[in-house]
Amino acid sequence: MLDFFIGLTCSFLISFIAYKNSSLSKSGLIAAIILGTGIYFFGGLFFSIRDFASNFQ
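Residues numbered from 1 in each chain as written. Predicted model: local features only at pLDDT ≥ 70, side-chain atom pairs only at ≥ 80, totals over all residues. Heavy atoms only, no water.

Draft legend 1. Geometry of the overall build of the chain. Looking only at helices and strands, the chain has 3 helices and 0 strands in total. Along the chain direction, N to C, the helices and strands of the chain fall in the order α-α-α. Counting all 57 residues of the chain, 14% fall into the buried class. (Helix = DSSP H or I, 4+ residues; strand = E, 2+ residues; numbered from the N terminus. Buried < 20%, exposed > 50% of the residue type's maximum accessible area, 1.4 Å probe, protein only.)

Draft legend 2. Quick peek at the packing of aromatic side chains. Evaluated as defined, the whole model comprises 4 aromatic pairs. Centroid distance Phe4 to Phe5: 5.5 Å. Interplanar angle 75 degrees. Geometry classified as edge-to-face. Residue Phe4 is classed as partly exposed on the basis of its relative accessible area of 32%. Owing to a relative accessible area of 45%, Phe5 belongs among the partly exposed residues under this scheme. Ring centres of Phe12 and Phe16 lie 5.7 Å apart, and the angle between their planes is 20 degrees; this geometry places the pair in the stacked category. Taken as a pair, Phe12 and Phe16 lie in helix α1 (residues 2-20) at a separation of 4 residues, close to a single helical turn. (Phe/Tyr/Trp six-rings, centres within 6.5 Å; stacked < 30°, edge-to-face > 60°.)

Draft legend 3. Representation of the packing of α1 against helix α2 (residues 26-41). Their axes nearest at 8 Å, the elements α1 and α2 cross at an angle of 150 degrees. As judged from the angle between their axes, α1 and α2 are roughly antiparallel. Once α1 is placed against α2, the crossing between them reads as right-handed. For the pair α1 and α2, contact is made by Asp3, Phe4, Ile6, Gly7, Leu8, Ser11, Phe12, Ser15, Phe16 and Tyr19 and by Lys26, Leu29, Ala32, Ile33, Gly36, Thr37, Tyr40 and Phe41, respectively. Grouping the amino acids of the contact of α1 with α2 by side-chain chemistry returns 11 nonpolar, 5 polar and 2 charged. (Axes fitted to C-alpha atoms, helices over the stretch in contact; angles between N-to-C directions. Parallel < 35°, antiparallel > 145°, perpendicular 65-115°, else oblique. Left-handed = near helix turned anticlockwise from the far one by under 90°. Contact = heavy atoms within 4.5 Å. Nonpolar A, V, L, I, M, F, W, Y, C, P; charged D, E, K, R; others polar.)

Following this line, the structure appears as structure tokens:
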């Protein structure tokens, strides 16, 4: 559960900074928070790419 909150906090901070700099829209802000939290919670970027690639084999 701690991983979820760490991922959520970091994703929110990074996404909010990008939103304030007009790099993200509101929907982009929400998507970045969800995606960032999911990637952190489930084991990092390598895990998400490996899992995604295994669906095509």
